[in-house]
Amino acid sequence: MTTLPILVLNSGSSSIKFSLYEASDGARNRIVEGAVDGIGTDLGKFWIKDAVGEKQVDQTPVLPNRSVAFKLVTDALNSGEVPAPAAIGHRMVSGGPTVLENQRITPQLIDEMESYSAFAPLHTPIAIYIMREALRMFPSIPNFVCLDTYFHRTMPEVVKHMPIPEEYSAMGVRRYGAHGVSYESIVYQLQPNVPDKLIVAHLGNGASISAIRNGQCLDTSMGLTPTGGIISGTRTGDIDPGVLIFILRRIAKATPDADEAADKLETVVSKRSGLLGVSGLSNDMRDLREAIKAGNAKARLAVDKFCWTIARWIGSYVAELNGLDMLVFTGGIGENDIDSRAEICAGLGTLGIFVDQARNSVRGPAVISTENSPVTVRVLSPLEDLMIVNHVVRLMSE
Ligand code: ADP
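Since we're looking at a predicted model, the values are computed, not measured.

The next thing to look at is the pairing of strand E5 (residues 55-59). Summarising the sheet, strand E4 (residues 45-50) and E5 pair through 4 bridges and their orientation is antiparallel. By the bridge assignment for E5, Trp47 is matched with Asp58.

Moving on to the packing of aromatic side chains. Taken as a whole and judged by the stated rule, the model has 3 aromatic pairs. Here Tyr116 and Phe119 contribute two aromatic rings whose centre-to-centre distance is 5.3 Å and whose plane-to-plane angle is 55°, an arrangement assigned as tilted. Of the two residues, Tyr116 and Phe119, neither departs from the other in class, the shared state being buried. Centroid distance Phe119 to Tyr176: 5.6 Å. Interplanar angle 45°. Geometry classified as tilted. Taken together, the residues Phe119 in the loop between helix H2 (107-114) and helix H3 (124-137) and Tyr176 in the loop between helix H5 (166-169) and helix H6 (180-190) connect sequence positions 57 residues apart. The exposure class assigned to Tyr176 is buried, which follows from its relative accessible area of 2%.

Bringing the site of the ligand into the picture now. Around the ligand there are 14 residues in total, and Asn205, Asp284, Met285, Arg286 and Gly332 lie nearest to it. Between the ligand and Asn336, the relevant distance is 3.5 Å, taken from a nitrogen atom to a side-chain nitrogen or oxygen of the residue. Protein burial of the ligand: of its 580 Å² of free accessible surface, 72% is covered by the chains. Secondary structure elements with two or more residues in the shell around the ligand: helix H10 (285-293) and helix H12 (331-336). Here the shell around the ligand gets 4 residues from one element, more than from any other, and that element is H12. Residue classes in the shell around the ligand are distributed as 2 nonpolar, 7 polar and 5 charged.

The next subject is helix H8 (residues 258-271). Its 14 residues give H8 an end-to-end C-alpha distance of 19 Å, which sits within 8% of 20 Å, the value for a rise of 1.5 Å per residue. If you check which residues of H8 are buried, you get Ala261, Leu265, Val268, Val269 and Ser270. Looking at the packing, one finds that the buried side of H8 touches helix H7 (241-254). Here H8 starts with a cap whose side-chain oxygen sits 3.3 Å from the backbone nitrogen of Asp259, and that cap is Asp257.

Now for unusual backbone geometry. The omega torsion across Gln191 and Pro192 is 5°, close enough to zero to call that bond cis. Looking at the secondary structure, you find Pro192 in the loop between H6 and strand E9 (197-203). Non-glycine residue His179 carries a positive phi angle of around 60°. Here His179 is to be found in the loop between H5 and H6. In this model, Asn214 sits at a positive phi of 50°, which is unusual for a non-glycine residue. Taking relative accessible area as the criterion, Asn214 reaches 53% and is therefore assigned exposed.

In this structure the tally under the stated criterion is 16 salt bridges. Between Asp111 and Arg132 there is a salt bridge, with its nearest N and O atoms 2.9 Å apart. Of this pair, Asp111 sits in helix H2 while Arg132 is found in helix H3, placing the two residues 21 residues apart along the sequence. Residue Asp111 is classed as partly exposed on the basis of its relative accessible area of 44%. Arg132 gets classed as partly exposed once you look at its relative accessible area, which sits at 34%.

Turning our eyes to something else, we now look at the side chain of Ser340. With respect to the helices, strands and loops of the structure, Ser340 is situated in helix H13 (residues 338-345). Ser340 has contacts with Met285, Arg289, Phe306, Cys307 and Ile333, leaving out every residue within four places of it along the chain.

Moving on: the nonpolar core. Nonpolar side chains in soluble globular proteins tend to end up buried together. Ranked by internal contacts, the top residues of the largest apolar core, which has 38 residues, are Leu203, Phe306, Ile314, Leu327 and Phe329. Those elements that provide at least two residues to this core are E9, strand E10 (207-213), H10, helix H11 (297-321), strand E12 (326-330), H13 and strand E14 (376-379). Of all the elements, H11 adds the most residues to this core, at 12 residues. Among all residues touching Phe306, those that are not within four sequence positions of it are Leu203, Ala207, Ile231, Leu275, Met285, Ile333 and Ser340. By size, the runner-up hydrophobic cluster in this structure holds 25 residues, among which are Ala69, Ile126, Tyr129 and Ala134.

Calculation rules
- Residues numbered from 1 in each chain as written.
- Predicted model: local features only at pLDDT ≥ 70, side-chain atom pairs only at ≥ 80, totals over all residues.
- Heavy atoms only, no water.
- Pairing = 2+ DSSP bridges.
- Helix = DSSP H or I, 4+ residues; strand = E, 2+ residues; numbered from the N terminus.
- Phe/Tyr/Trp six-rings, centres within 6.5 Å; stacked < 30°, edge-to-face > 60°.
- Buried < 20%, exposed > 50% of the residue type's maximum accessible area, 1.4 Å probe, protein only.
- Near = heavy atom within 4 Å.
- Polar contact = N/O pair within 3.5 Å; in protein donor to acceptor, adjacent residues only side chain to side chain.
- Areas by Shrake-Rupley, 256 points an atom, 1.4 Å probe, with all protein chains shown as cover.
- Nonpolar A, V, L, I, M, F, W, Y, C, P; charged D, E, K, R; others polar.
- Expected span 1.5 Å × (residues − 1).
- Contact = heavy atoms within 4.5 Å.
- Salt bridge = Lys/Arg side-chain N within 4 Å of Asp/Glu carboxyl O.
- Core = buried A, V, L, I, M, F, W, Y, C linked by side-chain atoms within 4.5 Å.

In structure tokens, the structure reads:
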């Protein structure tokens, strides 16, 4: 195989991350990576790093919309300083019930995935926009979609099925999960010694946790949408449905239009809740840790709620897996917030989880369990872009 430059486009609700890899037999070299963040705000960030991690661009542009943001990315890619891509891999949270396999993107496939925007309402619109733009701007190269839901396709029916009337199940309403590309990358990094019984906690701005048996997803916390599961930066996670009905009725009093009321409810549960909602301060763990040091009780409650929820979920997954060999922390909080890892694991000795204080005092990949801990506790980075490159290489050779 010759060397193929492969571009990865990975959009979040208000960010576009990109990276360019040179892929050849067995080798994957990232030659550039970057991101535009803060789309829709005056506080945008745009940065690019070269192959050795040196910042080549570090700007704070005004980013009124995604088209201005994506133009920064394409201008950088077209500057002549990096090779033109031979293929593009797009990360997509959900393609709904009909698009579950990673595959080549066509205009029809984009329309089909767009029809299920409600399954990842914060993520799908920007990803769809970028796919259409990429097909228009790079018409001669193949584009592939890599779905988060792909990793979770192995969940058994009893896990996937929602306890709702059949008419809604028939519309595709079930549990799909998210962060699948990150989970895949953790299993990939553990090869060839993937533990039989593995729990991975992806704790970033969005947070989820998965039970993985023999390298395959058995259960995951996120549901139909990334709002379900454990509490995260601005999202509720799982919540008594009566709370939603209560809030909706309050909203509906001032907002008689049903769609508008539903949009407002979505804003409450997806953008104003979670760590931000409980603390009333921030969705950023670093801010909350600072506030806790200063004695802020609401910040303490938000973080306690976060750690308690995750510990409880770990307990239920140990029961589901019928034991546990390894617990992995990943994502911005999982990799960097030493206190969260310690607080989550503090009461889990009965499950065989013992974290070593000294080993846990570092940021980044490490084994952090004690020498004699029955369960190995590790920290790993999510290598999502690398996984997408691997999928693209595989799909191109099919
Ligand atoms: P996203 O879901 O947006 O990809 P990330 O995986 O980047 O999110 O995680 C963002 C979270 O990681 C934020 O809550 C941030 O505070 C937290 N985080 C990043 N660095 C640190 C750090 N050094 N200490 C504590 N938390 C951190």
